[in-house]
Amino acid sequence: MSAPSTPLVGMGCSDGKRLVIRRVGTSPSELLNIVPQYEGSPESLSINDEEEENDSGSRGSWDNKLQFILACVGCSVGLGSLWRFPYLAYTSGGGAGVASVLVAFFMSTYYNMIIAYAIFYFFSAFRSKLPWEDCSNRWNTKLCWPTHHANMSKPAQSESPAEEFFIGKLLKQSHGIEELGNVRWELAACLLFAWIIVYFALWKSVRSSGRVLYFTATLPFILVLAFLGRSLTLEGAEAGLDFLFKPSWHLLKDSKVWIYAAAQNFNSIGIAYGGVITFASYNTEKNKILPDTLLISAINDIACIIIAVFAFATIGHISTEHQTSIDKAISDSPGLVFIIYSTAMSKMPFSSFWAVLFFFMLLCLGLNTQFAIVEVVVTSIQDGFPNWIKKKVLCHELLVFAVCGVSFILGFPLVTQGGIFFFQLIDHYAVCNSSVYIAFFEVIAVSWFYGAGRLATNIERMSGEKTNMYFKFCWVFGAPALIFFVWLFGILDYSGLSLDNGYHFPRWANVVGWCITAVCLLCIPIILVYVTMLAEGKNFFKKLCNAIKPRIEDMPPPVKETEIKEMKTLMKPIIRVKSNSLDHIVIK
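Below: a short report on this structure. The structure presented is a predicted model; accordingly, all values stated were derived computationally and were not measured.

Comments concerning the overall build of the protein
Then comes step 1: For the protein, the helix and strand inventory stands at 22 helices and three strands.
Then comes step 2: The burial tally for the protein puts 51% of its 588 residues in the buried class.
Then comes step 3: For the protein, the accessible surface area stands at approximately 28300 Å², while carbon and sulfur atoms represent 66% of it.

Below, the structure is given as structure tokens:
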């Protein structure tokens, strides 16, 4: 194939069904130094039968920019905002790539448990009277103190109907992690249902999850605003808002406050476990980075504030009804939000209707984040072992099924009567602890070893945007220093995991927790040693230098749009050519 009148020629390679036409030079020196380019980038022309819907090697892409934004917003403004942020705010007084995948995997095993709780509440709300409105149910105890006892001081050790529903009905909670108790089969069914939803949302990768997000990422915002308006009208709401926005300065000396704050930011925006990074990998190469970053961060911050106002206004109302202080109104635990929000729903007219809507919204928010977590694991396996996946797993659907199935099985201890304690153990050690360490090594690897300058050049070549000096400073100095001091503070002020209700996790449980952290973090030194041993060099120092040297070469200059059009024009005569190795060829 030749074209004397054009500076471009096409060179193709076939894998049996696909012919990829790439730009090559025309001079002898250029032809001897062909630079391969990534399939699917603007520099290459992929010629195939169709959109490769059934090709297990195809990663897919977003149908449009809105799907990517909704996915990132859904990942950021997920249950972490409704569950983790108010809970931590109430508690606080107002090969790093491989490691991050393991953190995501641990998260996937327990995060779906929160979705299972939401499903349980959702179906429980289909009653004429909500089951957490009063103390007349079979699971209530003598300590139950109904909220309609207005202007009466809440007795010591008493619990609200919403608390007793969560502890006595939903969990049938044991006294500690030492007592696993029986399996809660109702919760097991809810957990299985949650994993089925996740599977069918992800089985076609972003082609399926992107369409689901139109609904699951937008409806929650509408409902939250409605609930916010109602919560602000409740008696005592101003006391809760005062507690939220008035800092408790003495708690700044507590390392847990800083660790929780860092972990919340990492969890919310997808830092150190790769949710947003995974979604971004499905974008086109020319996607603008800065506007997306600012927009997603701003939406996340605004959503967190709105949700926190809603939560603390409700807590203020509960404390006013029970004549008690804000910090003693409800015991802090992962179930805090379910207790708060279920109480808020019972205060609204047509309470069952609003409760159904709210817990459906909670389900949507949880699924948004769970999509991101599971997608990290699936995409990492698929991209890390593409040949093995093609030979053994055969298709993307089976890979997603395997990941979901294993996560469901490993999450089974969480549906026991002592499961809530395992939940808190994994959450603290696999996410709060590990994410801080992983984030530190990630930022060092990228900004120091790969190089902030090289990264800035890559961004400019892909998006056409020059990197501001502020971001370079954050990459090299600001972020590593901040993370390091949070890390150091946590080590110096470490104490075993305990709950505010006086329960202290036994020593063996903390050892198990640190083992979980170690499983995540040991990937970094193990891979470093492995790569160093394989590197070239006569001694260890030279091997280490070669091991940490960037292997990603500078990208070739982008092909202009005019050259791409020229190539398509040149290739028109061979559209729909048939052969033994090619089904047929279509220029996209």
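Comments concerning the state of the cysteines
Then comes step 1: Under the definition given, this model contains one disulfide.
Then comes step 2: Note that Cys135 is cross-linked by a disulfide to Cys144, the S-S spacing being 1.9 Å. Taking the torsion about the S-S bond as the criterion, the Cys135 to Cys144 disulfide, at about -75°, is left-handed.
Then comes step 3: By relative accessible area, Cys135 is classed as partly exposed at 25%.
Then comes step 4: Not engaged in a disulfide, the cysteine Cys520 finds its nearest cysteine sulfur in Cys523; these two sulfurs lie 7.1 Å apart.

Describing the side chain of Ser407
Then comes step 1: Secondary-structure assignment places Ser407 in helix 16 (residues 396-410).
Then comes step 2: Once residues within four sequence positions are removed from consideration, Ser407 is found in contact with Phe105, Ser108, Thr109 and Trp195.

Some details on the packing of helix 13 (residues 336-346) against helix 14 (residues 351-384)
Then comes step 1: The contact between helix 13 and helix 14 brings their axes to 8 Å, and the two run at 150°. Considered as vectors, helix 13 and helix 14 are oriented roughly antiparallel to each other. On helix 14, the residues touching Phe338, Tyr341, Ser342, Met345 and Ser346 of helix 13 are Ser351, Trp354, Ala355, Phe358, Phe359 and Leu362.
Then comes step 2: When its residues are assigned to classes, the contact of helix 13 with helix 14 shows eight nonpolar, three polar and no charged.

Considering the pattern of salt bridges
A side chain of one charge can pair with a side chain of the opposite charge if their charged atoms are brought near each other.
Then comes step 1: Under the counting rule described, the total for this entry stands at two salt bridges.
Then comes step 2: Here Asp134 makes a salt bridge to Lys129, at a shortest N to O gap of 2.7 Å.
Then comes step 3: Look at Lys129 and you get partly exposed, because its relative accessible area is 40%.

What about unusual backbone geometry?
Then comes step 1: For Lys172, which is not glycine, the phi torsion reads 50° and is therefore positive.
Then comes step 2: Mapped onto the secondary structure, Lys172 falls in the loop between helix 5 (161-171) and helix 6 (185-202).
Then comes step 3: Taking relative accessible area as the criterion, Lys172 reaches 39% and is therefore assigned partly exposed.

Some thoughts on the packing of aromatic side chains
Then comes step 1: What the rule picks out here adds up to 41 aromatic pairs.
Then comes step 2: For the ring pair Phe227 and Trp354, a centre distance of 5.8 Å and an interplane angle of 75° mean the geometry is edge-to-face. Here Phe227 is found in helix 8 (residues 219-231), whereas its partner Trp354 is found in helix 14, with 127 residues between them in sequence.
Then comes step 3: In this structure Phe227 comes out as buried when scored by relative accessible area, which is 1%.
Then comes step 4: The partly exposed category is assigned to Trp354, whose relative accessible area is 22%.
Then comes step 5: Their ring planes at 70° and their centres at 5.5 Å tell us that Tyr470 and Phe471 sit as a pair that is edge-to-face.
Then comes step 6: On the basis of relative accessible area, Phe471 is assigned to the partly exposed category, the value being 29%.
Then comes step 7: Lying over the aromatic face of Tyr450, Arg454 brings its terminal NZ or CZ to 5.3 Å of the ring centre.

Brief notes about the environment of Asn287
Then comes step 1: Inspection of the secondary structure puts Asn287 in the loop between helix 11 (275-280) and helix 12 (289-321).
Then comes step 2: The exposure class of Asn287 is buried, given its relative accessible area of 15%.
Then comes step 3: For the pair formed by Asn287 and Ser463, sequence separation is 176 residues and the distance between their alpha carbons is 5.9 Å.

Topic: the nonpolar core
Then comes step 1: Ranked by size, the top nonpolar core spans 119 residues in total, and within it Tyr117 and Phe338 carry the most contacts.
Then comes step 2: The dominant element in this core, judged by the number of residues it contributes, is helix 4 (residues 96-124), at 18 residues.
Then comes step 3: Discounting chain neighbours no more than four positions away, the residues touching Tyr117 are Phe166, Leu170, Leu171, Leu187, Phe338 and Ile420.
Then comes step 4: Formed by five residues, the second largest nonpolar core is a distinct cluster that contains Ala452, Ala456, Trp475 and Val476.

Quick word on the side chain of Asn510
Then comes step 1: Examined against the element boundaries, Asn510 turns out to sit in helix 19 (residues 507-521).
Then comes step 2: Among the polar contacts made by the side chain of Asn510, one reaches the side chain of Tyr429 at a distance of 2.6 Å.
Then comes step 3: Beyond its immediate stretch of four places on either side in the chain, Asn510 contacts Tyr429, Tyr494, Gly496, Leu497 and Phe505.

Quick word on helix 16
Then comes step 1: Taking 1.5 Å as the rise per residue, helix 16 with 15 residues should run 21 Å; its terminal C-alpha atoms sit 22 Å apart, in good agreement.
Then comes step 2: Those residues of helix 16 lying buried are His396, Glu397, Leu399, Val400, Val403, Cys404, Ser407 and Phe408. Taken around the axis of helix 16, the buried residues stretch over an arc of 165°, which confines them to a single face. Within helix 16, the exposed residues directed more than 90 degrees away from the buried face are Phe401 and Ile409.

Brief notes about helix 17 (residues 419-463)
Then comes step 1: Relative to the 66 Å expected for 45 residues at 1.5 Å per residue, helix 17 spans just 47 Å between its end C-alpha atoms, considerably shorter than the ideal helical length.
Then comes step 2: When the local axis directions of helix 17 are compared, the greatest deviation, roughly 95°, occurs at Gly451.
Then comes step 3: Counting buried residues along helix 17, 32 of its 45 residues qualify, which places the element largely inside the surrounding structure.
Then comes step 4: Directly beyond the C-terminal end of helix 17, a positive phi value near 80° is found at Gly464.

Rules used throughout
- Residues numbered from 1 in each chain as written.
- Predicted model: local features only at pLDDT ≥ 70, side-chain atom pairs only at ≥ 80, totals over all residues.
- Heavy atoms only, no water.
- Helix = DSSP H or I, 4+ residues; strand = E, 2+ residues; numbered from the N terminus.
- Buried < 20%, exposed > 50% of the residue type's maximum accessible area, 1.4 Å probe, protein only.
- Areas by Shrake-Rupley, 256 points an atom, 1.4 Å probe, with all protein chains shown as cover.
- Disulfide = S-S within 2.5 Å.
- Contact = heavy atoms within 4.5 Å.
- Axes fitted to C-alpha atoms, helices over the stretch in contact; angles between N-to-C directions.
- Parallel < 35°, antiparallel > 145°, perpendicular 65-115°, else oblique.
- Nonpolar A, V, L, I, M, F, W, Y, C, P; charged D, E, K, R; others polar.
- Salt bridge = Lys/Arg side-chain N within 4 Å of Asp/Glu carboxyl O.
- Phe/Tyr/Trp six-rings, centres within 6.5 Å; stacked < 30°, edge-to-face > 60°.
- Lys NZ or Arg CZ within 6 Å of the ring centre and 35° of its normal.
- Core = buried A, V, L, I, M, F, W, Y, C linked by side-chain atoms within 4.5 Å.
- Polar contact = N/O pair within 3.5 Å; in protein donor to acceptor, adjacent residues only side chain to side chain.
- Expected span 1.5 Å × (residues − 1).
- Arc of directions from axis to C-beta.
- Bend = angle between axes of the 7 residues up to and from the residue.

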